[in-house]
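# An overview of the molecular structure
Listed below, chain by chain, are the residues.
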Number of protein chains: 2
Amino acid sequence: MKATTPPLLLTSVCLGLLAPLAMADPLPSWNQGDNKSTIIDFVESTTTPGHDDFVPREARIAVFDNDGTLWSEQPIYFQLQYTLDRTAEAPDEALDTPLKRAAAEGDIETVLAGGSQGLDELLSVTHSDISIVDYQADVRDWLENARHPATGRAYTNMVYQPMLELLSYLRDEGYQTYIVSGGGLHFMRTFASDSYGIAPQNIIGSTAEVEWTDDGDTPVMMKRSGTLWYDDGPAKPIAIERHIGVRPVIAVGNSDGDVPMLTWTTAGDGPHLGLLVHHTDGEREVAYDRDSAIGGLDQGLDLADAKGWQLIDMANDWLTLYPEAP
Amino acid sequence: MKATTPPLLLTSVCLGLLAPLAMADPLPSWNQGDNKSTIIDFVESTTTPGHDDFVPREARIAVFDNDGTLWSEQPIYFQLQYTLDRTAEAPDEALDTPLKRAAAEGDIETVLAGGSQGLDELLSVTHSDISIVDYQADVRDWLENARHPATGRAYTNMVYQPMLELLSYLRDEGYQTYIVSGGGLHFMRTFASDSYGIAPQNIIGSTAEVEWTDDGDTPVMMKRSGTLWYDDGPAKPIAIERHIGVRPVIAVGNSDGDVPMLTWTTAGDGPHLGLLVHHTDGEREVAYDRDSAIGGLDQGLDLADAKGWQLIDMANDWLTLYPEAP
């Protein structure tokens, strides 16, 4: 006699198997609360056909700042630490200004006091007159071997676990995720695919002048001194418009340099979501906002309420900060 | 008695149904010949898992020039015709130089003699101090109403049917298709999605300086005079590297301005394909190459053989030039 399964039981088994999938929490490292539910409600409404806030797939664009938003940025931007480390290894004759010598000695205060002009001076030591290929090989080498002074972690292990979950969740729901950062384009591309699942063509960043050289056989692109694009403040929405050409639906940042990007995104017709990571977590990371020389958030705090931007309270909203160390 | 179908017959029916799908010609407007078979062989080998020339999906990048490659460019670039038409409608006080007055009178010879500096002068009349939104609305209006002097067609009906097929074929096989053109980014975005199926973020072009203005409520991006990026010659591979970050596998162009882009593509390790459209068709279009002020192809003809680039012989390789008029 052939065994048969009662239909009701079969249905129950199937529902039992499906339920965990349907109910799985897409953001397990986010504490239950207003921010988490706002994000999930927004994603669900913009991706549900027939919903008033439905957004067609090609318009589902989400832009993320990098430093302080997707990974840590204290005590100094990690790319700046790379510059200091490499300057310290530079031959004496390359250290031909007081600022370069200060950088070689790890004198962060003097380096930060030099502002963006000083930064250009330092980048000329470490980021210029080198092919893009060689530069990226050197950055990869540094990322593999350098360790953060406070955590002892590799820098790529200081990406935020809750943001990795948000990026994956958005992509699973048909969003295209982009980085829009003041950091260097070629620097970020060395790890963004592996760390964030973000492809090279979805990264917008600061860029140096590049020179094309061709000996007739092997063309090479050389990074030269001089900044072609410093991707911060109003330059961010301009670069988004130029690179993507579609106004984002979601923008996520953490500093005043992200205010124009959030402004542009949330001034759009239709549904939009602006998120600002507020670094409130002095226990697991560093608590900072209005007065910080790195990642200062002052104007953004003032505007958030009127603009309807959500402030992510890192200490309370995030159950986990970094991924398990490998 | 239950009717049964003999297995062999069933198989034959299935094969009969499947055969037209499997054998469908992806490039019906291309004449049988070396160029067509080279393209199809290349696409098949780069997309067949296990093949020596297999290229993973994320690396399947194909870049196309626009003017003279995806649509016609004679007697003058269509965007230049837009500029002339709008200059002719400009108030007298805007025509404050001899070149602007020549443009308003449709004196193409004088306009072309002005070179790129003269072009900048004309763009200041029609492409500057206007919001991107308003500019694109005006371009859409022009594209809808203007007709080509020789063909009487709307300009968007002068896209090349064989290239539409190639774009679709490549995308069906997992390639990402990009435009990399000396034409204006914002100009091209007004029609590239509809005409070519190419999304705004896959268009690289020349760009003016853009200014961010924000009255606190409604931010606006204004096109200003001055060129931020003139996307021709060596600027093309540099822009490809910056925008995409992956060396293309396929590059298609038609003029010497595309030579560095093809050089970069075909200097890559692994499989690569360089195609140059050779305008040999004086019957259906215009026959031109080495001496043409528009879309000149001189260096490219000299290099093609040594570089292994395929010359597409428009008169012989393309059975159809333009799509059926709507």
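Below: a short report on this structure.

### Notes on the overall build of chain A
Helices and strands together make up the secondary structure of chain A, namely 14 helices and eight strands. Expressed as lengths along the three principal axes of its C-alpha atoms, the size of chain A is roughly 90 × 55 × 40 Å. Counting all 326 residues of chain A, 51% fall into the buried class. By sequence separation, contacts in chain A at least 24 residues apart represent 66% of the contacts at least 6 residues apart. Accessible surface computed for chain A: about 14,700 Å², of which carbon and sulfur atoms make up 51%. Between the mean site of the 20 positive side-chain charges and the mean site of the 51 negative ones, chain A shows a separation of 5 Å.

### Side note on empty space enclosed by the protein
Rolled over the atoms, a probe as big as a water molecule pinpoints where empty space is left. On inspection of all chains with the given rule, the structure shows two cavities of 30 Å³ or more. Considered as a void within the structure, the largest cavity measures approximately 330 Å³ in volume. Contributing elements (two or more residues each) for the lining of the largest cavity: β4 (203–213), β5 (220–229) and α11 (235–243) of chain A together with β4 (203–213), β5 (220–229) and α11 (235–243) of chain B. Computed from the structure, the second largest cavity encloses a volume of approximately 30 Å³.

### Description of the interface of chain B and chain A
The partner chain A presents 34 residues to the 34 residues of chain B that form the contact. Here chain B meets chain A over a buried area of about 2,600 Å², counting both sides, of which 65% is carbon and sulfur. Connecting chain B to chain A are two salt bridges. Inspection of the region where chain B meets chain A yields 12 residue pairs in polar contact (both at pLDDT 80 or more). Elements with a minimum of two residues in the side of chain B that touches chain A: β3 (176–184), α9 (185–189), β4, β5, α11 and α12 (259–266) of chain B. Considering every element that reaches the side of chain B that touches chain A, the biggest residue donor is α11 of chain B, with five residues.

### Focus: the sheet that holds strand β8 (residues 310–313) of chain A
Residue and element names in this part refer to chain A. Reading across from one edge, β2-β5-β4-β3-β1-β6-β7-β8 is the order of the eight strands in this open sheet, with mixed pairing throughout. For this open sheet the edge positions go to β2 (130–131) and β8, each flanked by a neighbour on one side alone. Bridge count between strand β1 (residues 61–64) and strand β3 (residues 176–184): four bridges; the pairing is parallel. Within β3, the residue paired with Ala62 across the bridge is Thr177. Against the sheet, helix α2 (residues 34–47) touches β6 (250–253), β7 (273–278) and β8, its axis set at about 130° to β8. Those strands touched by helix α8 (residues 161–172) are β1, β3, β6, β7 and β8, and its axis lies near 165° from that of β1.

### A look at the sheet that holds strand β8 (residues 310–313) of chain B
Neighbouring strands of a sheet are bound in pairs by backbone hydrogen bonds; such pairs are parallel or else antiparallel. Residues and elements named next belong to chain B. The strand order β2-β5-β4-β3-β1-β6-β7-β8 describes an open sheet built from eight strands, whose pairing is mixed. Among the strands making up the open sheet, the edge pair consists of β2 (130–131) and β8. Two elements, β4 and β5, share six bridges in a ladder whose sense is antiparallel. Residue pairing in the sheet places Ala208 in a bridge with Thr227 of β5. Each of β6 (250–253), β7 (273–278) and β8 is contacted by helix α2 (residues 34–47), which is oriented at about 130° to β8, the strand it contacts most.

Each value, and the rule that gives it
- Per chain, the residues get numbers from 1 upward, laid out in the order the sequence is written.
- The naming scheme follows written order: chains are lettered A onward, ligands numbered 1 onward.
- For a predicted model such as this one, the threshold for reporting local features is a pLDDT of at least 70, and the threshold for listing and counting side-chain atom pairs is 80 or more; totals across whole chains, interfaces and linings nevertheless cover every residue.
- Only hydrogens and water are set aside; all other atoms, that is, all heavy atoms of the structure, feed into the side-chain values.
- Per the convention used, a helix needs a DSSP run of H or I reaching at least four residues, while a strand needs a run of E reaching at least two, with both numbered from the N terminus.
- Accessible area is worked out with a 1.4 Å probe on protein chains only. A residue is then buried under 20% of its type maximum, exposed over 50%, and partly exposed in between.
- Any pair of residues with heavy atoms lying within 4.5 Å of one another is described as a contacting pair.
- Areas reported here follow the Shrake-Rupley algorithm with a probe of radius 1.4 Å; residue values treat only the protein chains shown as occluding.
- Lys and Arg are tallied as positive, Asp and Glu as negative. Neither His nor the chain termini are counted.
- A charge is said to be at NZ when it belongs to Lys, at CZ for Arg, at CG for Asp and at CD for Glu.
- A cavity here means a set of 1 Å grid points, computed over protein atoms only, where a 1.4 Å probe fits but cannot escape. A pocket is an open set with protein on both sides within 12 Å along at least 5 of 7 lines, and lining residues have an atom within 4 Å of a point.
- Grid points are joined across faces, edges and corners, and a volume is the space filled by probe spheres set on the points.
- Throughout, the accessible surface (probe 1.4 Å) given up by two parts as they are put together, summed over both, is called the buried area.
- Just to be clear on terms, a salt bridge is a Lys or Arg side-chain nitrogen sitting within 4 Å of an Asp or Glu carboxyl oxygen.
- For this analysis, a polar contact is any N or O atom pair within 3.5 Å, provided that within protein one partner can donate a hydrogen and the other can accept it, and provided that sequence-adjacent residues contribute only side-chain to side-chain pairs.
- Strands are treated as partners if at least two bridges between them are detected by DSSP.
- Angular values range over 0 to 180 degrees, each being the angle between N-to-C directions of two axes fitted as lines to C-alpha atoms, with helices fitted over their stretch in contact.

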